[in-house]
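# Inside the fold
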Amino acid sequence: QQQVKQSPQSLIVQKGGISIINCAYENTAFDYFPWYQQFPGKGPALLIAIRPDVSEKKEGRFTISFNKSAKQFSLHIMDSQPGDSATYFCAASRGTGTASKLTFGTGTRLQVTL
Amino acid sequence: DGGITQSPKYLFRKEGQNVTLSCEQNLNHDAMYWYRQDPGQGLRLIYYSQIVNDFQKGDIAEGYSVSREKKESFPLTVTSAQKNPTAFYLCASSITSGPYNEQFFGPGTRLTVL
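About the cut-offs
Residues numbered from 1 in each chain as written. Chains lettered and ligands numbered in written order. Predicted model: local features only at pLDDT ≥ 70, side-chain atom pairs only at ≥ 80, totals over all residues. Heavy atoms only, no water. Helix = DSSP H or I, 4+ residues; strand = E, 2+ residues; numbered from the N terminus. Rg over C-alpha atoms; globule rule 2.2 N^0.38 Å. Contact = heavy atoms within 4.5 Å. Areas by Shrake-Rupley, 256 points an atom, 1.4 Å probe, with all protein chains shown as cover. Lys, Arg positive; Asp, Glu negative; His and termini not counted. Charge placed at Lys NZ, Arg CZ, Asp CG, Glu CD. Buried < 20%, exposed > 50% of the residue type's maximum accessible area, 1.4 Å probe, protein only. Salt bridge = Lys/Arg side-chain N within 4 Å of Asp/Glu carboxyl O. Core = buried A, V, L, I, M, F, W, Y, C linked by side-chain atoms within 4.5 Å. Disulfide = S-S within 2.5 Å. Phe/Tyr/Trp six-rings, centres within 6.5 Å; stacked < 30°, edge-to-face > 60°. Lys NZ or Arg CZ within 6 Å of the ring centre and 35° of its normal. Buried area = accessible area lost by both parts, 1.4 Å probe. Polar contact = N/O pair within 3.5 Å; in protein donor to acceptor, adjacent residues only side chain to side chain. Nonpolar A, V, L, I, M, F, W, Y, C, P; charged D, E, K, R; others polar.

A few words on the overall build of chain A. Of regular secondary structure, chain A possesses zero helices and eleven strands. Reading chain A from its N terminus to its C terminus gives the helix and strand order β-β-β-β-β-β-β-β-β-β-β. Against the compact-globule benchmark of 13 Å for 114 residues, chain A has a radius of gyration of 14 Å, which places it among compact chains. Taking the principal axes of its C-alpha atoms as reference, chain A extends roughly 40 × 30 × 20 Å. Long-range pairs, those at least 24 residues apart, make up 54% of the contacts in chain A between residues at least 6 apart in sequence. On chain A, roughly 5500 Å² of surface is accessible, and the fraction owed to carbon and sulfur atoms is 47%. Distance between charge centroids for chain A: 6 Å, based on 12 positive and 7 negative side chains.

Given below as structure tokens:
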């Protein structure tokens, strides 16, 4: 079964610090790697995504780093804020133009303290 | 406002009963999905549909059924055959023709079996 392994399970970061969440995948056919953010009692929302033709993508304080040879990708949250406290899921899928299935990691619960 | 609505927000079921969860979208998306979320397990795909009157099983379809009679609607029935139905259920949709499989999620339904 295709898998995406995510770590750590939980993370506590002080305000202003850097939060780092890592994911590793097995299927080399994956060509789309999104990160979703979920607040308690809500549905996940797309945060940022990357394709394997680039090694890094940055949107504001959020950066995805991608290592194709290692089959790993990570989310970096710079200057972490209490409002960033949420659960983060990495995911991967393959194929375009169809209803490609996303395979999700198990999630990381981030808490940003004052 | 365009988006995905799920109802009810909370649902209680007695053992042995079938229940149906509603999912409606007005985003004009062709593809729709149902996920189950359990603590520490991420999101697991139950069923998905690419077009009206067509749907495919996901990774954990046993004990569930769906229909796709209208583009906007993708109801999920949790049958009495589902042995552990207590969970948070998420519906999502996406444009099948886009280069990225960005999925938009609804707010979820929390099902509790009494």
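Here the narrative resumes, following the displayed structure.
With that settled, consider the overall build of chain B. Looking only at helices and strands, chain B features zero helices and eleven strands. In sequence order, the secondary structure elements of chain B are arranged as β-β-β-β-β-β-β-β-β-β-β. Taking the principal axes of the C-alpha coordinates as reference, chain B spans close to 40 × 25 × 25 Å. Counting across all 114 residues of chain B, residues that qualify as buried make up 50%. Contacts in chain B between residues far apart in sequence, at least 24 positions, make up 54% of those at least 6 positions apart. Approximately 5500 Å² of chain B is accessible, and the part contributed by carbon and sulfur atoms is 48%. Here chain B contributes 11 positively and 11 negatively charged side chains, and the mean placements of these two sets differ by 8 Å.

Residues and elements named next belong to chain B. All told, the structure shown has six salt bridges over all chains when counted by the stated rule. Ionic pairing is found between Lys 71 and Asp 30, a salt bridge with its closest N-O pair at 3.3 Å. Placement of Lys 71 in the loop between strand 7 (64-66) and strand 8 (76-78) and of Asp 30 in the loop between strand 3 (19-25) and strand 4 (31-38) is noted, with a sequence separation of 41 residues between them. Taking the relative accessible area as the measure of exposure, Lys 71 reaches 24% and is therefore partly exposed. What makes Asp 30 partly exposed here is its relative accessible area of 29%. Two residues, Asp 38 and Arg 44, come together in a salt bridge whose shortest N-O distance is 2.8 Å. Among the residues examined, Asp 38 registers a relative accessible area of 11% and is labelled buried.

Time to look at the nonpolar core. Grouped together as the largest cluster of nonpolar side chains are 24 residues, with contacts concentrated most on A:Val4, A:Phe33, A:Trp35, A:Phe73, A:Leu75 and A:Tyr88. Those elements that place two or more of their residues in this core are strand 2 (10-14), strand 3 (19-25), strand 4 (33-38), strand 5 (45-50), strand 7 (62-67), strand 8 (72-77), strand 9 (86-92) and strand 11 (108-113) of chain A. If you tally residues by element for this core, the top one is strand 9 of chain A, at four residues. Membership of the second largest hydrophobic core comes to 20 residues, among which are B:Ile4, B:Tyr47, B:Ala61 and B:Cys91.

Right, let's get into the state of the cysteines. Where two cysteines share a covalent bond between their sulfur atoms, that bond is called a disulfide. Under the definition given, this model contains two disulfides over all chains. In this model, A:Cys23 is linked to A:Cys90 through a disulfide, with the two sulfur atoms separated by 1.9 Å. Across the S-S bond linking A:Cys23 and A:Cys90, the dihedral sits near -95°, which makes this disulfide left-handed. Of this pair, A:Cys23 sits in strand 3 while A:Cys90 is found in strand 9, placing the two residues 67 residues apart along the sequence. With respect to class, A:Cys23 is no different from A:Cys90; both count as buried. For B:Cys23, the disulfide goes to B:Cys91, at an S-S distance of 1.9 Å. Classification of the bridge connecting B:Cys23 and B:Cys91 rests on its S-S torsion, roughly -70°, and on that basis the disulfide is left-handed.

A few words on the packing of aromatic side chains. With the rule as written, the count across this model stands at 18 aromatic pairs over all chains. One aromatic cluster in this structure is built from A:Tyr36, A:Phe89, A:Phe104, B:Tyr33, B:Tyr35, B:Tyr48 and B:Phe105. Seen from the ring of B:Phe74, B:Arg68 lies directly overhead, with NZ or CZ sitting 6.0 Å from the centre.

Turning to the interface of chain A and chain B, a few remarks are in order. Interface extent is often summarised as the accessible area lost during association of the parts. Between chain A and chain B, the residue contacts involve 22 residues of the former and 25 residues of the latter. Roughly 1900 Å² of surface becomes buried between chain A and chain B when both sides are summed, with 57% attributable to carbon and sulfur atoms. Between the two partners, chain A and chain B, sit zero salt bridges. On inspection of chain A and its partner chain B, the count reaches two residue pairs in polar contact (both at pLDDT 80 or more). Classifying every residue of the side of chain A that touches chain B gives eight nonpolar, eleven polar and three charged.

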